Amino acid sequence: MKQRNSPTDSIEQSIRQTASHPWFERLARLGYASKGIVYFMVGFLAAQAVFSTGGRTTDTSGALSAIVNQPFGKFLLFIVTIGIIGYFLLRMVQTILDPEHQGQKIDAKRIAQRIGYALSALGYAGLALTAVKLIMGSGGAKKDTTQDLTAQLLAQPFGQWLVGLAGSIVIGVGFSYFYQAYKAKFRRHFKLDEMSQNELTWATRLGRFGIAARGIVFVIIGIFFIQAARLSDASQTKGLGEVLAILGQQPFSPVILGIVPLGLVAYGIYSVIEARYRKILRS
């Protein structure tokens, strides 16, 4: 007697069929490009601030505001928003189906990676919502979600330990980026047969620089989480824009301080390269 599929199997099958359509790949590629544009804007504005040529330090939401204020800004932001939604959908597929490890045994590393995909999906869902509000002209005052969430955690039993654990995880993610940058294993996700040697060389350089810059940001954010846990003070937590502002205020050479913003610019360009050459795995 043929066994019926469970509801979970039916849902997974539907997701697999959806992800196998050519339009999903196009949407995912637009997602990588949109992510690249956002990080390019964040890094570019911060680099301008560091080198005193205008600009300001901001986060990804601030980058969307910068885009909407350009000529034809709402149209440009609309395209970017579609891409962000595409990236959110890609992360959801990666969370549910784990297409990069089909048939392999589930271990702690894979579970952690899928949790990371889920958190990334949530982050880009929030960014897409912010973009929609900006297009509709109702962006409003920016709320510090990071500090709000930290305050809620601190109010829970063992709240300081939870926030400290979150900080440790963020620092761990930062060091994993350093490892990725050093090993350059991200190259295995590229369609190498479609890339010239020069394209691969520059993709590797930009990827290493950009991913390492993200690692620096994550480590600093994690340190502030631990500081918030130690002092039981949610205001100690800092987001991307605040970290860039703090780096820009340090009494060092602007060239040194510009490494992280320029790294984020490099990461933005690298993401656009991903949009063209990355393997979008179908399951």
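Residues numbered from 1 in each chain as written. Predicted model: local features only at pLDDT ≥ 70, side-chain atom pairs only at ≥ 80, totals over all residues. Heavy atoms only, no water.

**Here we look at the overall build of the chain**
Worth spelling out the cut-off: Every helix listed is a DSSP run of H or I at least four residues long, and every strand listed is a run of E at least two residues long, numbered separately from the N terminus. In this description, contact between two residues means that some pair of their heavy atoms is separated by no more than 4.5 Å. Each accessible area is a Shrake-Rupley estimate made with a 1.4 Å probe; only the visible protein chains count as cover when residues are assessed.
Across its full length, the chain carries 11 helices and zero strands. The N-to-C order of helical and strand elements in the chain reads α-α-α-α-α-α-α-α-α-α-α. Restricting to contacts in the chain with at least 6 residues of sequence separation, those with at least 24 account for 74%. As displayed, the chain has an accessible area near 15,700 Å², and 63% of this comes from carbon and sulfur atoms.

**Some words on the pattern of salt bridges**
Selection criterion: By convention in these notes, a salt bridge is any Lys or Arg side-chain nitrogen within 4 Å of a carboxyl oxygen on Asp or Glu. With a 1.4 Å probe rolled over the protein chains alone, any residue whose accessible area is under 20% of its type maximum counts as buried; one over 50% counts as exposed, and the rest are partly exposed.
On inspection of all chains with the given rule, the structure shows four salt bridges. Two residues, Glu-194 and Arg-276, come together in a salt bridge whose shortest N-O distance is 3.2 Å. With Glu-194 in the loop between α7 (159-183) and α8 (197-231) and Arg-276 in helix α11 (residues 259-277), this pair connects stretches of sequence that are 82 residues apart. A salt bridge links Glu-274 to Arg-278; the nearest nitrogen and oxygen atoms lie 3.0 Å apart. Each member of the pair, Glu-274 as well as Arg-278, carries the same accessibility label: buried. Salt bridges linked by common partners bring Glu-25, Arg-29 and Lys-191 together as one network.

**Considerations on the nonpolar core**
What counts, and what does not: Take the buried residues of types Ala, Val, Leu, Ile, Met, Phe, Trp, Tyr and Cys, join any two whose side-chain atoms come within 4.5 Å, and each joined set is a nonpolar core.
In this structure, Leu-64, Leu-77 and Phe-190 are the most contacted members of the largest nonpolar core, which totals 64 residues. In contact with Phe-190, not counting residues within four places along its chain, are Met-195, Ala-203, Tyr-270, Ile-273, Glu-274, Tyr-277, Arg-278 and Lys-279.

**What to know about the packing of aromatic side chains**
The line we're drawing: Pairing of aromatic rings covers Phe, Tyr and the six-membered ring of Trp, with a centre-to-centre limit of 6.5 Å; geometry is then stacked below 30 degrees between planes, edge-to-face above 60, and tilted otherwise.
What the rule picks out here adds up to 10 aromatic pairs. Seen in terms of ring centroids, Tyr-87 and Tyr-124 are 4.8 Å apart; in terms of plane orientation they differ by 65°. Their pairing is edge-to-face. A residue pair is termed long-range when its members are at least 10 positions apart, and Tyr-87 in helix α4 (residues 73-97) and Tyr-124 in helix α5 (residues 108-135) qualify at 37 residues. Taking the relative accessible area as the measure of exposure, Tyr-124 reaches 13% and is therefore buried. Considering the side-chain rings of Phe-175 and Phe-178, the 5.4 Å spacing of their centres and the 85° angle between planes classify their relative orientation as edge-to-face. In this pair, Phe-175 and Phe-178 both sit in helix α7, three residues apart, roughly one turn of the helix. The exposure class assigned to Phe-178 is partly exposed, which follows from its relative accessible area of 29%. Members of the aromatic cluster, joined through ring pairs, are Tyr-39, Phe-186, Phe-190, Tyr-267 and Tyr-270.

**Overview of unusual backbone geometry**
Although it is not a glycine, Phe-158 adopts a positive phi angle of roughly 60°. Among the structural elements, Phe-158 can be located in the loop between α6 (145-154) and α7. Here Ser-232, not a glycine, exhibits a phi torsion of approximately 50°, which is positive. Counting through the fold element by element, Ser-232 comes out in the loop between α8 and α9 (240-248). A relative accessible area of 41% places Ser-232 in the partly exposed class.

**A short note on helix α2 (residues 22-50)**
Our working definition: An expected span of 1.5 Å times one less than the residue number is assigned to each helix.
Between its first and last C-alpha, α2 extends 42 Å over 29 residues, near the 42 Å set by a 1.5 Å rise per residue. At the C-terminal side of α2, Ser-52 shows a positive phi close to 55°.

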